[in-house]
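Listed here are the chains, written in short residue letters.
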Amino acid sequence: MTESLIQAYSNSPRRQKLQIIGGIFMAIVIAAVMLVLYLIISSRVVFMGRQLQQAKSDIDQLVYLSVNYQNKIDRLSRFELMEKRAVELGFRPPYPGEVFYVPVAGLETKQEVVVVFQEESSSTIINVDLPTYHQSLIEWVGDQIRIVLRPFRGL
Amino acid sequence: MNDKITYNWRYISIAVTFTLFGLAIIAQMLRIQLTVNSSELPVPVLLGQWEKAASRRGLILDRNGHVLAGNQTVYAVDINFEDFNQPGEIEEVKTLADLAIETFEIRNHYLLGFLQQEPKPLEKNITVENFASQADLIRFLDLVERYYAGLPLVDFGEENLEEEIEAALVDESTDLVDCSHLVRVSCTPHLIRSYPEGDLASNIIGFVMRDTNEGQLGIEEKFDSTLFGNDRTWWAFWDPHKADLAPDPDHGANIVLTIDSVLQADVENILDESIKKTGAVAGTVIVMNPRNGEILAMASSPRADINFYWDEEYYDIINNHENVFNYAIKSYEPGSVVKVLTMAAALDAGVVETDTEFIDEGKIEIGGVTIKNWNERAWGPQNMTSCLQNSLNVCLAWVATQLESEQFYNYFQDFGLGQMTGIELSGEAPGLVKSYWSPDYTRSELGTNAFGQGIEITPIQMVKAISAIANGGEMVAPRIIHSVVDDGYSYTPPKTVVGHPISAETAETLTEMLRQSLQNETSLALVPGYSLAGKTGTAEIYISGLGYKSSATNTSFIGWGPTDDPQFLVYVWISKPSASIWGSEIAAPVFRKVVEKVVIHQGIPPDAVRMTLQE
């Protein structure tokens, strides 16, 4: 009796309509959540993409700036300028007879100047050649579905 | 019943509307598929552009890390010739073109003609200057902005502008210039070669052609592929989803030379002064460490400011008929400096000794040719030291006959005469030393070759050969590359011993003979306090159609020291001096001045002090 009452209640037309409407709302909510998620992730991907594009521009700018700074240093320290400045300060090159050599115990002789070398490259290599860097969320979901369905292919 | 009919009509209308709309879409799809060329359609997933990672050419540095060849940011300046029809727009483009002509001093006839005519709309930008310096670009933009602001273009003070530019350069010269606020003008930075020291060591360095970015002459050409910074290009997608990291720029490797730029500058000054004073046309001075073959200085004159290699002033220097930019690697008849090698061969072969007596009668006949001394007189009894001291052609020709052709030329071959030394410079001449078995060889050449006439060798070959004598019989390959540095790693070529043409005893004996001969003749090459060995050379120059002329000579000097612990080897060649024709008067003083600089730069104390320090 109780079972038949419950069955009658759940199968009532009104109840059935409510279930359908509820199901539709649920689907809409889920779709909306998915859409929002997609938009959030997609916008983040776009944002990161823009940052990457900007980074390239920044790297080029830094190379040009670095070259400009180096060039400025080179030109300011060129031999002609240094010599001119030294002469202005009252210096002149020495002659052999004017040089005094004083033996100093333990003093090392003139060492060859070695341009500073790095032992290892300081550049960091980041592998960005991964699918996750290039595919959208939908493409990723599609991939995952294909992976799940792969064992059933051919059945 | 009527209501139902009405509703049906409405449903049918909506269905027809949607059907027509759907059919229109299908028709459009078919039209696109059948009529439009697919190659003209954009492919959304491929939309993007080619971009490149800016990379710089490797630096060239001296042994102390001083930059001799660097890079500089310049700009390609474009004027937009698209979409203008109105008189105001035509005037705008014309004004921009005129300002560009004035500021960048455009000389290209084709471009100048195009910019000076009435502007016509084109589908592209026109590059008005590909290598605009920062200062020129600032000046151009200043004029352009004045034009747009309606300010007069001619009433501003030139001096004030120069001051403004100078101030801008001092304050912000390192900042990049941005033209993005201008619609019709764009400027794109890129890198070109820059030589901060101007003409210093220009003959060693060479230069880079601006248009092709290829190294020409010297280190730039020899190591073009090593120095070359490869602009890595890739397809940059506009779609941010597909944006990728730009590849790292592939900067060229840096090259560290063995040159000391301060010593190089001093030696160049000495050489220039001497050439000016003696009325010579060219010359070179090489300073090498005979222990390891490192070239400390290699001056050559005339030189060019390689920042402006295209300048008319330098055209003949760089593109002369003999294609010589660096006289250190050019072949010539060296004259009496070769007597050192003839004597070395004879002593080593044991055909003469230091006290072997030779009666100089003023002439000797070899192969039907009479050879005379430089002053055409007989010098009487001589030993081998005095033969060298007095630079007697007759004596050395006789010495060569004691060796005979095969042995004589085998020694010359062992010394590397007539062969390229392999120094890391582009354009090294091999020289010319005939083989004794060649069909056109005559025995008389044995006599003339013995004192450096009739053969062509390069100064760098002489330096290499003499290193065997200075260095106890061990001949080292001259080298000008100290190391190559790339991406944090460096390679330093090792010292290369290229043979032992003579024994250590011969080298020691000959060094002592040359030390004594230099002392005895109170040479202008002597430096007080330092024991030096050396030899002058004077060679007549062969002029086509006229033969050898005493009035035009190549004067040379080769010397090294300290004789008991050689640390420098100096070669001097001054070509065609007018003040005197003798090596002893022209080249020897240059040697002395150079040695005076070398001993200070290298911290080599006088012999007496050095002995005390060693004790």
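Residues numbered from 1 in each chain as written. Chains lettered and ligands numbered in written order. Predicted model: local features only at pLDDT ≥ 70, side-chain atom pairs only at ≥ 80, totals over all residues. Heavy atoms only, no water.

Overview of the overall build of chain B
- A tally of regular secondary structure across chain B gives 18 helices and 22 strands.
- At 36 Å, chain B has a C-alpha radius of gyration far larger than the 25 Å of a compact globule built from 615 residues.
- With the C-alpha coordinates aligned to their principal axes, the bounding extent of chain B is approximately 150 × 60 × 60 Å.
- Looking at chain B residue by residue over its 615 residues, the buried ones come to 54%.
- For chain B, the proportion of contacts with a sequence separation of at least 24, taken over those separated by at least 6, is 73%.
- Accessible surface computed for chain B: about 27800 Å², of which carbon and sulfur atoms make up 51%.
- Taken together, the 41 basic and 85 acidic charged side chains of chain B have centroids lying 3 Å from each other. (Helix = DSSP H or I, 4+ residues; strand = E, 2+ residues; numbered from the N terminus. Rg over C-alpha atoms; globule rule 2.2 N^0.38 Å. Buried < 20%, exposed > 50% of the residue type's maximum accessible area, 1.4 Å probe, protein only. Contact = heavy atoms within 4.5 Å. Areas by Shrake-Rupley, 256 points an atom, 1.4 Å probe, with all protein chains shown as cover. Lys, Arg positive; Asp, Glu negative; His and termini not counted. Charge placed at Lys NZ, Arg CZ, Asp CG, Glu CD.)

Thoughts on the nonpolar core
Residues and elements named next belong to chain B.
- Of all hydrophobic cores here, the largest spans 103 residues; its most connected members are Ile-219, Met-298, Met-343, Met-384, Ile-480 and Leu-510.
- Ranked by residues supplied to this core, first place goes to helix H13 (residues 393-414) with 12 residues.
- Excluding its chain neighbours within four sequence positions, the residues that come into contact with Met-298 are Ile-204, Ile-259, Gln-264, Val-285, Ile-286, Asn-326, Ala-328, Ile-423, Leu-425, Ile-460 and Ile-480.
- Ranked by size, the runner-up nonpolar core spans 35 residues in total, among them Tyr-75, Phe-81, Ala-132 and Val-177. (Core = buried A, V, L, I, M, F, W, Y, C linked by side-chain atoms within 4.5 Å.)

Brief notes about the packing of helix H11 (residues 339-349) of chain B against helix H15 (residues 459-470) of chain B
Residues and elements named next belong to chain B.
- At a minimum axis separation of 11 Å, H11 and H15 run at an interaxial angle of 40°. On the basis of the axis angle, H11 is oblique to H15. Where H11 crosses over H15, the two elements pack in a sense that is left-handed. Residue-level inspection shows Val-340, Leu-341 and Ala-344 of H11 in contact with H15, the latter providing Met-462, Ala-465, Ile-466 and Ile-469.
- Looking at the contact of H11 with H15, its residues break down into seven nonpolar, no polar and no charged. (Axes fitted to C-alpha atoms, helices over the stretch in contact; angles between N-to-C directions. Parallel < 35°, antiparallel > 145°, perpendicular 65-115°, else oblique. Left-handed = near helix turned anticlockwise from the far one by under 90°. Nonpolar A, V, L, I, M, F, W, Y, C, P; charged D, E, K, R; others polar.)

Some points on the state of the cysteines
Residues and elements named next belong to chain B.
- Tallying each qualifying case throughout the model produces two disulfides over all chains.
- Covalent S-S linkage joins Cys-179 and Cys-187, the inter-sulfur distance amounting to 1.8 Å. Around the S-S axis, the bridge from Cys-179 to Cys-187 shows a dihedral of about 110° and counts as right-handed. Each member of the pair Cys-179 and Cys-187 is classed as buried.
- Listing the disulfide partners of chain B by sequence rank of the bonded cysteines yields 1-2, 3-4. (Disulfide = S-S within 2.5 Å.)

What about the side chain of Thr-563 of chain B?
- Looking at where Thr-563 of chain B falls in the secondary structure, it is placed in the loop between strand S21 (547-561) and strand S22 (568-575).
- Apart from residues no more than four positions distant in its own chain, Thr-563 of chain B is found in contact with Thr-511, Arg-515, Ser-531, Leu-532 and Ala-533 of chain B.

Considering the environment of Ser-523 of chain B
Residues and elements named next belong to chain B.
- For Ser-523, the position within the fold is in the loop between helix H16 (504-520) and strand S20 (533-543).
- Looking at Ser-523, the relative accessible area reads 11%, which means it is buried.
- With 84 residues separating them in the primary sequence, Ser-523 and Pro-439 have C-alpha atoms 41 Å apart.

Describing the packing of aromatic side chains
All names here are of chain B.
- For the structure shown, the criterion picks out 19 aromatic pairs over all chains.
- Between the aromatic rings of Tyr-309 and Trp-310, the centroid separation amounts to 5.2 Å while the plane-to-plane angle is 85°, which identifies the pairing as edge-to-face.
- Residue Tyr-309 is classed as buried on the basis of its relative accessible area of 14%.
- Exposure remark for Trp-310: the relative accessible area of 44% places this residue in the partly exposed category.
- With centroids separated by 6.4 Å and ring planes inclined at 80°, the aromatic side chains of Tyr-409 and Phe-412 adopt a geometry described as edge-to-face. With Tyr-409 and Phe-412 both in helix H13 and three residues apart, this pair spans about one turn of that helix.
- Each member of the aromatic cluster is reached from another via a ring pair, and the members are Phe-408, Tyr-409, Phe-412, Tyr-436, Trp-437 and Tyr-441.
- Positioned above the aromatic ring of Trp-379, the side-chain terminus of Arg-377 is 4.3 Å from the ring centre. (Phe/Tyr/Trp six-rings, centres within 6.5 Å; stacked < 30°, edge-to-face > 60°. Lys NZ or Arg CZ within 6 Å of the ring centre and 35° of its normal.)

Section: the interface of chain B and chain A
- Listed by partner, the interface residues are 65 residues for chain B and 48 residues for chain A.
- Taking both sides of the interface into account, the surface hidden between chain B and chain A amounts to around 4600 Å²; carbon and sulfur atoms contribute 60%.
- If you look at where chain B meets chain A, you find zero salt bridges.
- On inspection of chain B and its partner chain A, the count reaches eight residue pairs in polar contact (both at pLDDT 80 or more).
- Counting residues per element, the side of chain B that touches chain A draws most heavily on helix H17 (residues 583-601) of chain B, at five residues.
- Residues that form the side of chain B that touches chain A fall into these classes: 31 nonpolar, 21 polar and 13 charged. (Buried area = accessible area lost by both parts, 1.4 Å probe. Salt bridge = Lys/Arg side-chain N within 4 Å of Asp/Glu carboxyl O. Polar contact = N/O pair within 3.5 Å; in protein donor to acceptor, adjacent residues only side chain to side chain.)

Some points on the pairing of strand S9 (residues 254-257) of chain B
Residues and elements named next belong to chain B.
- Here S9 shows a buried face lined by Asn-254 and Val-256 and a second buried face lined by Ile-255 and Leu-257.
- When S9 meets strand S17 (residues 481-486), the two strands line up antiparallel, connected through four bridges. In the sheet register, Val-256 faces S17, and the bridge partner there is Ser-483. (Pairing = 2+ DSSP bridges.)

Some details on the environment of Leu-263 of chain B
All names here are of chain B.
- Among the secondary structure elements, Leu-263 is positioned in helix H9 (residues 261-278).
- In sequence terms Leu-263 and Thr-553 are 290 residues apart; their C-alpha atoms lie 28 Å from each other.
- Filtering out sequence-adjacent residues up to four positions away, Leu-263 remains in contact with Val-287, Leu-296, Ala-297, Lys-597, Val-598 and His-601.

Some remarks on empty space enclosed by the protein
- All told, the structure shown has one cavity of 30 Å³ or more when counted by the stated rule.
- For the largest cavity, the calculated volume is near 40 Å³.
- For the lining of the largest cavity, the per-class residue count stands at five nonpolar, no polar and three charged. (1 Å grid on protein atoms, 1.4 Å probe; cavity = no way out; pocket = protein on both sides within 12 Å on 5 of 7 lines; lining within 4 Å. Points joined across faces, edges and corners; volume = space filled by probe spheres on them.)

What to know about a nonpolar patch on the surface
Residues and elements named next belong to chain A.
- Together, Met-26, Val-29, Ile-30, Val-33, Met-34, Val-36, Leu-37, Ile-40 and Ile-41 give the surface a local cluster of nonpolar side chains, amounting to about 790 Å² of exposed area.
- Summarising the element assignment, Met-26 is placed in helix H2 (residues 13-76).
- Among the residues examined, Met-26 registers a relative accessible area of 48% and is labelled partly exposed. (Patch = residues over 30% accessible without salt bridge, like charges linked within 9 Å, V, L, I, M, F, W, Y side chains within 5 Å.)

What to know about the packing of H9 of chain B against H17 of chain B
All names here are of chain B.
- Orientation of H9 relative to H17, taken along the N-to-C sense of each, is 160°, at an axis distance of 10 Å. Our classification of the angle between H9 and H17 gives roughly antiparallel. Crossing angle aside, the handedness with which H9 passes H17 is right-handed. Of the residues in H17, those in contact with Val-262, Leu-263, Asp-266, Val-267, Ile-270, Glu-273, Ser-274 and Thr-278 of H9 are Ile-586, Val-590, Lys-593, Val-594, Lys-597, Val-598 and His-601.
- Of the residues that constitute the contact of H9 with H17, the class distribution is eight nonpolar, three polar and four charged.

A look at the side chain of Arg-184 of chain B
- Position of Arg-184 of chain B among the secondary structure elements: in the loop between helix H5 (158-172) and strand S5 (185-194).
- Arg-184 of chain B has contacts with Asp-78, Ile-79, Asn-80, Phe-81, Glu-82, Asp-83, Phe-84, Glu-92, Val-93, Leu-96 and Tyr-148 of chain B, leaving out every residue within four places of it along the chain.

Re the confidence of the model for chain A
- Of all residues in chain A, 80% attain a pLDDT of 70 or more, and the chain-wide mean is 78.
- Helix H1 (residues 2-10) of chain A is the least confidently modelled element of chain A, averaging 74 in pLDDT, while helix H3 (residues 79-88) of chain A averages 89, the highest of any element. (pLDDT = per-residue confidence, 0-100.)

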